[in-house]
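# Examining the three-dimensional arrangement
These are the residues of each chain, in order.
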Amino acid sequence: MEPRSLTAAQARRVRLAAHGFGADRSPAEAMRALVAMQGQDLPAVLRAIAIRSAAGTTLADVRDAFGRGELVRSWAMRGTLFATTPRDLAILHAATGERMRRQELRMLRDREVPEAVGAQAAEVAADALAAGPLARPALLAAWEAAGIATSGGHGYHLLALLAIEQRVRFGPFDGAEQLLVGGPPAAVADPAAAHLDLLARVVASRGPIRGDDVAWWTGLPKVPIRAALAAAPGLEPVLVEGVPMRMRAGLEPLPRDGVRLVPAFDEWLLGAADRSLVASPAALAAVVPGGNGVFRPTVLVDGRVVGTWSLPAARARAGGDPEATLVEPVPAAASRALERALAAWPHR
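Report follows, based on the coordinates. Worth saying up front: this structure is predicted, and the values here are computed from it rather than measured.

Turning next to the packing of helix H10 (residues 211-218) against helix H11 (residues 222-231). The N-to-C vectors of H10 and H11 enclose an angle of 120 degrees; their axes lie 9 Å apart at closest approach. In terms of orientation, H10 lies oblique with respect to H11. Viewed along their axes, H10 and H11 form a crossing whose handedness is right-handed. Taken together, the residues of H11 that come into contact with H10 (itself represented by Gly211, Asp212, Val214, Ala215 and Thr218) are Lys222, Ile225, Arg226 and Leu229. For the contact of H10 with H11, the residue count by class is 4 nonpolar, 2 polar and 3 charged.

Take the sheet that holds strand S11 (residues 304-310) next. The 4 strands are arranged S9-S10-S11-S12 in an open sheet whose pairing can be described as antiparallel. Of all strands in the sheet, those with a lone pairing partner are strand S9 (259-262) and strand S12 (323-326), marking the two edges. For this sheet the average axis-to-axis angle between neighbouring strands, irrespective of direction, equals 35 degrees. Here S9 pairs with strand S10 (residues 298-301) via 4 bridges, running antiparallel. Residue pairing in the sheet places Leu261 in a bridge with Val299 of S10. Lying over the sheet, helix H14 (residues 332-344) contacts S9, S10, S11 and S12, oriented at roughly 40 degrees with respect to S9.

Close contact between helix H2 (residues 27-34) and helix H9 (residues 191-206) brings their axes to 7 Å; oriented N to C, the two are set at 100 degrees. Considered as vectors, H2 and H9 are oriented roughly perpendicular to each other. Together, Arg32, Ala33 and Leu34 of H2 and Asp197, Arg201, Ser205 and Arg206 of H9 make up the contact between the two elements. Residues of the contact of H2 with H9, tallied by class, amount to 2 nonpolar, 1 polar and 4 charged.

Counting through the fold element by element, Asp302 comes out in the loop between S10 and S11. Only 2.6 Å separates the side chain of Asp302 from the backbone nitrogen of Asp257, close enough to count as a polar contact. A polar side-chain atom of Asp302 sits 2.7 Å from the main-chain amide nitrogen of Gly258. Sequence-distant contacts of Asp302, defined by excluding residues within four places in its chain, comprise Arg12, Leu16, Arg256, Asp257 and Gly258.

Our next topic: H14. Along its 13 residues, H14 runs 19 Å from first to last C-alpha, staying within 8% of the 18 Å computed at 1.5 Å per residue. Taken together, the buried positions of H14 are occupied by Ala334, Leu338 and Leu342. An end-on view of H14 places all buried positions within 80 degrees of arc, on one side of the element. Of the exposed residues in H14, those oriented more than 90 degrees away from the buried face are Ala332, Glu339, Arg340 and Ala344. Of the surrounding elements, those touching the buried residues of H14 are S9, S10, S11 and S12.

Counting buried positions along strand S4 (residues 80-84) gives 5 out of 5 residues, so the element sits mostly inside the fold. Of the two faces of S4, the one lined by Thr80, Phe82 and Thr84 and the one lined by Leu81 and Ala83 are each fully buried. Of the pairings in the sheet, the one linking strand S2 (residues 36-38) to S4 comprises 3 bridges and is antiparallel in character. Residue pairing in the sheet places Gln38 in a bridge with Phe82 of S4. Two elements, strand S3 (residues 72-77) and S4, share 5 bridges in a ladder whose sense is antiparallel. The partner of Ser74 across the bridge, within S4, is Phe82.

About the cut-offs
- Residues numbered from 1 in each chain as written.
- Predicted model: local features only at pLDDT ≥ 70, side-chain atom pairs only at ≥ 80, totals over all residues.
- Heavy atoms only, no water.
- Axes fitted to C-alpha atoms, helices over the stretch in contact; angles between N-to-C directions.
- Helix = DSSP H or I, 4+ residues; strand = E, 2+ residues; numbered from the N terminus.
- Parallel < 35°, antiparallel > 145°, perpendicular 65-115°, else oblique.
- Left-handed = near helix turned anticlockwise from the far one by under 90°.
- Contact = heavy atoms within 4.5 Å.
- Nonpolar A, V, L, I, M, F, W, Y, C, P; charged D, E, K, R; others polar.
- Pairing = 2+ DSSP bridges.
- Polar contact = N/O pair within 3.5 Å; in protein donor to acceptor, adjacent residues only side chain to side chain.
- Expected span 1.5 Å × (residues − 1).
- Buried < 20%, exposed > 50% of the residue type's maximum accessible area, 1.4 Å probe, protein only.
- Arc of directions from axis to C-beta.

Pasting the structure below:
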């Protein structure tokens, strides 16, 4: 049987259904569905989780999920911080950890930091975290007190190394600051089966998507990822404007979605290497000005990027709404809907 064909507009509306914006679920359930969300911008990933959770979910609700240990944040793949669940972090590390560990050791060698210093840093961190969660500056201070230099990026790469080795991760909050916790990683009884299930969830929550985009997202080689997706349950092949992709079996496009705001570094764009389905070159240039790797908060109309938006400065937030800058033309009705969405944005 030939795969069914979708237009670009239909594919975007399927992706909107897959992402589950506003679905009736907890932050932890939203995260399990999406597997992981890029998290180097902490306020942004909290917002990304909230908008994919039940209506009325607040940033405090998301922070509470971290506090209960349902969510963690760590270097999970591609050398970058992600928010995820403890079990999925362990599954991801089983697949990506050794590759990332070699990369971090190389970064430390380039800074003339011997591998033995990493082992010493791990011992100091274990002692410091034995008493409970610890702020990152406090851990860096403990390293300095033990004679381990943390300036010049040394502390960052030592922390990343320990996270990749599954010795530490970011967990509960103290106010706006996320604290580090230690302890062993979550247990995974059958890593191979768990990884196949994880890949199926990546596609189910982001499809239609190319297999090569899943390989990019995980930072793993393309050929084994393609083979795994061909065997993964619950997926179906589709053609999007003639391009082979995969998606959750039987998922239908949403009706027209209208205006939607997503935060910086959102998985709507960062969930795939090829962003042409959801953004024109001009729109992508506005979201990532100069190709500097910093993804701005984004305005969507029926899943297509039409511009960026920003919160007012902290000192002005009490008296001002977010503001948008459009780079694509939108109908008058969408323009009015955008004004309403900006005024109603709850996660400030």
